[in-house]
Amino acid sequence: MNFPGTVVLETERLVIRPFCEADAHDMFYNWANSSHVTRFLTWPVHKSVADSEEILNAWVKDYENPKNFNWCIEWKENHQAIGSIGVVRMNEEIEEAEIGYCIGEEYWKKGIMTEALKAVMGFLFEEAGINRVCARHDTNNPNSGRVMKAAGMLYEGTMRQAGKNNMGICDYTLYAITKDLYFNHSL
């Protein structure tokens, strides 16, 4: 495995880049203040731009660690930060990275998160040498699973009462793809 840190990735419609402190306004107004967006997440809705500033200050400091992979999703059309995607857990022993993501409601159902997830998976397999990428979602949030499936991940199972988010204890569904499947079945 390699640890190049959070580098800039680019797709047709997105710049997937490290966060900066100047993203606080966009973060708050585009997704972090929305109870719809945070409903199935593990962090609470932000009450003010100051909440977003506080988390961004910590995230920017975390970029000093090359094992940190945490991206801002910037929409090229308006140059705004519209969401986040990153490695939320890493198991170095089996070379696995678990991805978490969220995006502003205005940008739902446009293929944007699938585009971002594909870019991040490609980077993790090709540049970081990860062997397995996985993601999970609350079973009550099937749209997140559709993103995982559209990005090429395969359903692995549902874990009963195995997670906790802003809705409480929940069942979650796990999707994953391995490096060999990624390279042998080009996305």
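Refer to the preceding data block for the structure.
Overview of the structure. (Residues numbered from 1 in each chain as written. Predicted model: local features only at pLDDT ≥ 70, side-chain atom pairs only at ≥ 80, totals over all residues. Heavy atoms only, no water.)

Spatially, eight strands are ordered E1-E2-E3-E4-E5-E6-E8-E7 in an open sheet, and the strand pairing comes out mixed. In this open sheet, the two edge strands, each paired with only one partner strand, are strand E1 (9-10) and strand E7 (154-165). Inspection of the sheet shows strand E5 (residues 96-103) paired to strand E6 (residues 132-138) by four bridges, in the parallel sense. The partner of glutamate 96 across the bridge, within E6, is arginine 132. (Pairing = 2+ DSSP bridges. Helix = DSSP H or I, 4+ residues; strand = E, 2+ residues; numbered from the N terminus.)

Considering all chains together, one arrives at zero disulfides under this definition. Lacking any disulfide linkage, cysteine 72 is separated from the closest cysteine sulfur, that of cysteine 20, by 7.3 Å. (Disulfide = S-S within 2.5 Å.)

Judged by nonpolar contacts, the single largest core of 36 residues is most densely connected at Ile16, Ile85, Ile99, Leu117, Leu124, Val133 and Met153. Of all elements in the fold, only strand E2 (14-18), strand E3 (70-75), strand E4 (80-91), E5, helix H4 (112-126), E6, helix H5 (142-150) and strand E8 (168-178) reach the threshold of two or more residues within this core. With ten residues, the top contributor of residues to this core is H4. With sequence-adjacent residues up to four places away left out, leucine 124 is seen in contact with Phe69, Val87, Ala97, Ile99, Gly129, Ile130 and Val133. Core analysis: the second largest hydrophobic core is formed by twelve residues, Met27, Ala32, Val37 and Cys102 among them. (Core = buried A, V, L, I, M, F, W, Y, C linked by side-chain atoms within 4.5 Å. Buried < 20%, exposed > 50% of the residue type's maximum accessible area, 1.4 Å probe, protein only. Contact = heavy atoms within 4.5 Å.)

Along E6, six of the seven residues are buried, which leaves the element largely enclosed by surrounding structure. Regarding topology, H4 serves as the crossover connection from E5 to the parallel E6, and that connection is right-handed. As paired elements, E6 and E8 share seven bridges and run antiparallel to each other. Paired with cysteine 134 across the bridge in E8 is alanine 176. (Right-handed = clockwise from strand over helix to strand, strands pointing away.)

Attention shifts here to the side chain of threonine 11. Structurally, the position occupied by threonine 11 is in the loop between E1 and E2. A polar contact is formed between the side chain of threonine 11 and the side chain of glutamate 115, at a distance of 2.4 Å. The residues contacting threonine 11, other than those within four sequence positions of it, are Ile16, Lys76, Glu115 and Ala119. (Polar contact = N/O pair within 3.5 Å; in protein donor to acceptor, adjacent residues only side chain to side chain.)

Quick look at the side chain of aspartate 171 now. Locating aspartate 171 in the fold gives a position in strand E8. Setting aside residues no more than four positions away along its own chain, aspartate 171 makes contact with His137, Asp138, Thr139, Thr158, Met159, Arg160 and Gln161.

What follows covers the environment of glutamate 53. Within the fold, glutamate 53 resides in helix H3 (residues 49-62). Given a relative accessible area of 40%, glutamate 53 falls into the partly exposed group. A sequence separation of 63 residues divides glutamate 53 from alanine 116, and the C-alpha atoms of the two residues are 23 Å apart.

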